[in-house]
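Examination of the molecular architecture
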Amino acid sequence: MIKIFTNDKKANIICVEGDIKMNSPFNVSFGEEPKNLIKRTIEFEQVTSVFDSDMPETKIMMITGARGCGKTVLLSEVKNYYDNKDNWITVDINPNGDILAQLASKIYETGKVKKLFLKAEFNFSFHGLGLSIHGDESLSSIYTLLDNIFKYLKKKEIKVLITIDDVSCNDNVKLFVHSYQEYLREGYLTYLLLTGLYENIDKLEKTDNITFLARAPKIYLSKLNLRAITMTYMSVFGIGEDDAIQLAKQTNGYAYGFQLLGSILYKNNKTKIDDSILSNYDLQLEDNAYSLIWRSLTNLEQKILFGIAATSGTNKEILNYTNLNNATLQIYKIRLSKKGLIDSTQRGKIAFVLPRFKEFVLFQLKVMEE
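These notes cover the structure that comes with them. Just so we're clear, the structure is a prediction, and the values are computed from it rather than from any experiment.

In this section: the pairing of strand β4 (residues 60–64). By the criterion of burial, β4 is predominantly enclosed, with 5 of the 5 residues buried. As judged from the 5 bridges shared by β4 and strand β9 (residues 190–196), these two strands associate in the parallel manner. Within the sheet, the bridge partner assigned to Met 62 lies in β9 and is Leu 194. Pairing between β4 and strand β10 (residues 218–220): 3 bridges, direction parallel. Each bridged residue has a counterpart across the sheet, and for Ile 63 the counterpart in β10 is Ile 219.

The structure is reproduced here in structure tokens:
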């Protein structure tokens, strides 16, 4: 017997055969779609409006931003959208495996097209799948295999969306991107959507023979809408707008911060931030996101962040703190901005983007100095 009680503003209590469980509306698992999802409508339409076009200006798009900003969630939204379109199939690829082999086998296993490949004119015999075309010679090359697959799908007017989450500059990815360039030249109906940290995408773009990737549009994920966060907190916790705004400010629009703070408050049955909530928030931000971000930075990038945290954030103060020249600072401001860590849009001043990141950086500085 299942009963659902909704009179408690702070929780839906679900009773299943005598067991009582809290049905939390927040999700702090990276990459998993949250129950309280704040959709990135603008960014979603940036991708779909291009890919849906009869004559798309590009067939490659990349989503980047800081760890925990919602790259994977947006990629999943786009993938789900095309999963539900009749003339599209989607293939999600692991960047750490043999991408070309994954691509061939996953396309073959896709329910929408498998029946086409089972016809006499197109049977497989490769990597455990027998393959021959029109009963002729067996194909032993993965390149020839994929070329025939995409040629066949183009004839059937079936488009393929290839998604790769958290891309890195490894040999598998470089080999695939080089092959994908050939698919573009052949006019195949293959589309590519990547997510990755800025430094990984930047390194990949600078690789010899695949620099064409640098021309692909990039979507830099910015902050979530604070009003949307406020309204979500109002609904979940049953609180007024002023109290919800104070909670929303503590997230600064950071997707992971929004889910994390909500989860901590929910589990502790609280609607306001006190010292224990703030301490828990800081520790989990550090353990699950900020420590990983920090380790990925160069010494000079860390030094500049120390300068921002230890001063009021003006260019002059940071230059004095770091002993850098202005040209160097400008270069690194752009890099740190593209990594989703700082905002330098206010003339002459730099601010942190991530919530409580200044406090995290100051703690790193204190540890280093002692």
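So, about the sheet that holds β10. Whenever strands of a sheet pair, they do so through backbone hydrogen bonds, lying parallel or antiparallel. Spatially, the 5 strands line up as an open sheet ordered β5-β8-β9-β4-β10, and their pairing is parallel. Looking at which strands have only one partner, the edges of the open sheet turn out to be β5 (88–93) and β10. Taking each pair of neighbouring strands and ignoring which way they run, the sheet shows an average axis angle of 20°. Of the strands in this sheet, β4, β5, β8 (159–164), β9 and β10 touch helix α1 (residues 41–51), which is tilted by about 170° from β4.

Taken as a whole and judged by the stated rule, the model has 2 cavities of 30 Å³ or more. Of the volumes computed, that of the largest cavity is approximately 90 Å³. What lines the largest cavity is simply Gly 65, Ala 66, Arg 67, Leu 197, Tyr 198, Glu 199, Leu 292, Ile 293, Ser 296, Leu 297, Lys 339 and Leu 341. Looking at the lining of the largest cavity, the elements with two or more residues in it are α7 (198–205) and α11 (275–295).

The rules behind these values
- Residues numbered from 1 in each chain as written.
- Predicted model: local features only at pLDDT ≥ 70, side-chain atom pairs only at ≥ 80, totals over all residues.
- Heavy atoms only, no water.
- Buried < 20%, exposed > 50% of the residue type's maximum accessible area, 1.4 Å probe, protein only.
- Helix = DSSP H or I, 4+ residues; strand = E, 2+ residues; numbered from the N terminus.
- Pairing = 2+ DSSP bridges.
- Axes fitted to C-alpha atoms, helices over the stretch in contact; angles between N-to-C directions.
- Contact = heavy atoms within 4.5 Å.
- 1 Å grid on protein atoms, 1.4 Å probe; cavity = no way out; pocket = protein on both sides within 12 Å on 5 of 7 lines; lining within 4 Å.
- Points joined across faces, edges and corners; volume = space filled by probe spheres on them.

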